[in-house]
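Topology and contacts: notes
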2 protein chains.
Amino acid sequence: MASRNTRILEAAARVIARRGVRGLRVEELAAEAGVSTGLIYYHFKDRTGILRHTLEFINDRAERYTTVRDADAPPLGPREELEQILLLELQDTAEVRENSAAWGELRASAVFDPALREDLARATLVWVQEVAALLGRVRPMAPAAQLAAAAERLTALLEGLSTRWLSGGLGIDHARTLMRGGIEAELSGLEAR
Amino acid sequence: MASRNTRILEAAARVIARRGVRGLRVEELAAEAGVSTGLIYYHFKDRTGILRHTLEFINDRAERYTTVRDADAPPLGPREELEQILLLELQDTAEVRENSAAWGELRASAVFDPALREDLARATLVWVQEVAALLGRVRPMAPAAQLAAAAERLTALLEGLSTRWLSGGLGIDHARTLMRGGIEAELSGLEAR
DNA sequence: GTCTATAAACCGATAGAC
DNA sequence: GTCTATCGGTTTATAGAC
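The structure contained in this document is the topic of the report that follows.

Parameters at a glance
Residues numbered from 1 in each chain as written. Chains lettered and ligands numbered in written order. Predicted model: local features only at pLDDT ≥ 70, side-chain atom pairs only at ≥ 80, totals over all residues. Heavy atoms only, no water. Helix = DSSP H or I, 4+ residues; strand = E, 2+ residues; numbered from the N terminus. Rg over C-alpha atoms; globule rule 2.2 N^0.38 Å. Buried < 20%, exposed > 50% of the residue type's maximum accessible area, 1.4 Å probe, protein only. Contact = heavy atoms within 4.5 Å. Near = heavy atom within 4 Å. Polar contact = N/O pair within 3.5 Å; in protein donor to acceptor, adjacent residues only side chain to side chain. Nonpolar A, V, L, I, M, F, W, Y, C, P; charged D, E, K, R; others polar. Salt bridge = Lys/Arg side-chain N within 4 Å of Asp/Glu carboxyl O. Expected span 1.5 Å × (residues − 1). Arc of directions from axis to C-beta. Least-squares fit on C-alpha atoms with pLDDT ≥ 70 in both. Axes fitted to C-alpha atoms, helices over the stretch in contact; angles between N-to-C directions. Left-handed = near helix turned anticlockwise from the far one by under 90°. Buried area = accessible area lost by both parts, 1.4 Å probe.

The next point concerns the overall build of chain A. The helix and strand tally for chain A stands at 9 helices and 0 strands. For chain A, the α and β elements follow one another from N to C terminus as α-α-α-α-α-α-α-α-α. Against the compact-globule benchmark of 16 Å for 193 residues, chain A has a radius of gyration of 18 Å, which places it among compact chains. Along the first, second and third principal axes, the C-alpha set of chain A runs to 60 × 40 × 30 Å. The buried share of chain A, reckoned over its 193 residues, is 51%. If you take every contact in chain A between residues at least 6 apart in sequence, the share linking residues at least 24 apart comes to 64%.

Written out as structure tokens, the structure is:
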């Protein structure tokens, strides 16, 4: 779709990852995208519109890099798929870092900006349900309510670890180890006895 | 100490909880405190000074409400103490909400402001060690490294849940239920078999 | 659709009276 | 110590040409 539009959104993700939602200046975004401020307002109406569309954009992008896999790779078991999907957000590559930083910022900004909450809630719901479904494949006997709760915790844990990683309080390897341990603990809690 | 000063800091905590660090406007703070902007600059030099003193103020306050307990209350078992300390940050009272919001803001701001990281890392370390010690009293046979990891996860989970709660994605009761379940899952993972 | 130019609002900070 | 009044820089947002 509108490739100029996409160019601005990619630039917005970079600027947010660098300066935060709080630090995003429309003029800096314009420079980063190589367009004028006027064009940005033409496309996105106002500052909040920029933010909302960027949230949607990084969300789509995360879905993409979450699902892309080698065609000839061995099929993953549910446990491996679960680990992979949760660990994908904890990688020290430019794109993942951008997505994680932008996502964390949008989440933190939503605390003070109700306009962002609806989109955020919708995206979170999809994400939680996806994880709950995978958990259900690893623990088929577990009741749905417990699966949902474990999924909410694991995604919340991921956000917490991600923020600590990005704020320099946690090395990426340690963060990944902790995430794996969290999965194990939740599966342990869901175990039939 | 200067009671007028404290009055401004209390007002600042309220404004930050409502608008965030980035959304704090000196004029709004002045109105909230019932003083003039000039007086605020007289006391705190500049906007950064306001922020620094407010964060210090909030931190002291959090320590207080974390440790104060009834003198004649029945002594808590380690498990109860663990739950209590982790659930204290998930309460819908003005003071806790203010503190949690400010803490989340501080954490989120540190992603883009290295100057904040040192204080944050120190405070986090104390917090994690406290939780690890409590976990050790519930599971005396668990190795120290596993206790430390579980403590890091539980505190990260708390931050994740807290942010979701404050951003409207999670009711406070549900957040508390999830936190309790997280404690249970971690204890389950630490169980001797 | 895109740009340039600029209006309008906002906000941090200071001066000076009391 | 405290207030009123205001300046000057910054930033969002719009008008109008192309």
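Read on, since the account is not over.
Attention now goes to the protein's contact with DNA strand C. Near DNA strand C you find 13 residues, and of these Ser 36 of chain A together with Arg 25, Val 26, Tyr 41 and Arg 47 of chain B are the closest. Restricting attention to atoms of DNA strand C within 4 Å of the protein, one finds that 74% of them are sugar or phosphate atoms. The separation between a phosphate oxygen of DNA strand C and a polar main-chain atom of Arg 47 of chain B is 2.8 Å. In terms of residues, the surface near DNA strand C owes the most to one element, helix H3 (residues 37-44) of chain A, which gives 4 residues. Each residue belonging to the surface near DNA strand C can be placed in one class, and the counts come to 6 nonpolar, 3 polar and 4 charged.

Residues in close proximity to DNA strand D total 13 residues, the closest being Arg 25, Val 26, Tyr 41 and Arg 47 of chain A together with Ser 36 of chain B. Counting only atoms of DNA strand D within 4 Å of the protein, the fraction found in sugar and phosphate groups is 70%. The element contributing the most residues to the surface near DNA strand D is helix H3 (residues 37-44) of chain B, with 4 residues.

Should their charged atoms come close, side chains of opposite charge can pair. Within the structure shown, the criterion is met by 33 salt bridges over all chains. A salt bridge links Glu 83 of chain A to Arg 79 of chain A; the shortest N-O distance between them is 3.4 Å. Here Glu 83 of chain A and its partner Arg 79 of chain A are both found in helix H5 (residues 78-87), 4 residues apart, which amounts to about one turn of the helix. On the accessibility criterion, Arg 79 of chain A (28% relative accessible area) is partly exposed. Across the salt bridge formed by Glu 186 of chain B and Arg 153 of chain B, the nearest N and O atoms sit 2.6 Å from each other. Of this pair, Glu 186 of chain B sits in helix H9 (residues 172-190) while Arg 153 of chain B sits in helix H8 (residues 144-166), placing them 33 residues apart in sequence.

This part takes up helix H7 (residues 117-138) of chain B. Residues and elements named next belong to chain B. Relative to the 32 Å expected for 22 residues at 1.5 Å per residue, H7 spans 32 Å between its end C-alpha atoms, a close match to the ideal helical length. By the burial criterion, the buried members of H7 are Leu 120, Thr 124, Trp 127, Val 128, Val 131, Ala 132, Leu 134, Leu 135 and Val 138. One side of H7 carries all its buried residues, which in axial view fall inside an arc of 160 degrees. Seen from the open side of H7, the exposed residues pointing more than 90 degrees away from its buried face are Glu 118, Leu 125 and Val 126.

Bringing the relation of the copies chain B and chain A into the picture now. Rotating chain B by 178 degrees and moving it 0.5 Å along the rotation axis overlays it on chain A with an RMSD of 1.4 Å. As the rotation angle and translation indicate, the two copies are arranged about a two-fold axis. Both copies share a contact surface, since 95% of the interface residues of chain B are interface residues in chain A too.

In this section: the packing of helix H1 (residues 3-23) of chain A against helix H6 (residues 94-110) of chain A. All names here are of chain A. At their nearest, the axes of H1 and H6 sit 8 Å apart, and the two run at 35 degrees to each other. Seen from above, H1 lies across H6 with left-handed handedness. Along its contact with H1, which presents Ala 13, Arg 14, Ile 16, Ala 17, Gly 20, Val 21 and Arg 22, the element H6 presents Glu 98, Ala 101, Ala 102, Glu 105, Leu 106, Ala 108 and Ser 109. Tallied by class, residues from the contact of H1 with H6 come to 8 nonpolar, 2 polar and 4 charged.

Looking now at unusual backbone geometry. The backbone of Lys 45 of chain A sits at a positive phi, close to 75 degrees, despite the residue not being glycine. You can see Lys 45 of chain A is positioned in the loop between H3 and helix H4 (47-67).

Here we come to the interface of chain B and chain A. Many structure descriptions define interface size as the accessible area lost when the parts assemble. Opposite the 43 residues of chain B that make contact, chain A presents 43 residues. Buried surface at the junction of chain B and chain A, summed over both partners, amounts to about 3,300 Å²; 59% is from carbon and sulfur atoms. Note that Glu 105 of chain B and Arg 22 of chain A form a salt bridge whose closest N and O atoms lie 2.2 Å from each other. In this structure, the connection of chain B to chain A is made through 11 residue pairs in polar contact (both at pLDDT 80 or more). Contributions of two or more residues to the side of chain B that touches chain A are made by helix H1 (3-23), helix H6 (94-110), H7, H8 and H9 of chain B. When residues in the side of chain B that touches chain A are grouped by element, the largest group, 12 residues, is from H8 of chain B. Across the side of chain B that touches chain A, the residue classes break down as 17 nonpolar, 13 polar and 13 charged.

Treat this as a map of the structure, not an account of what it does.
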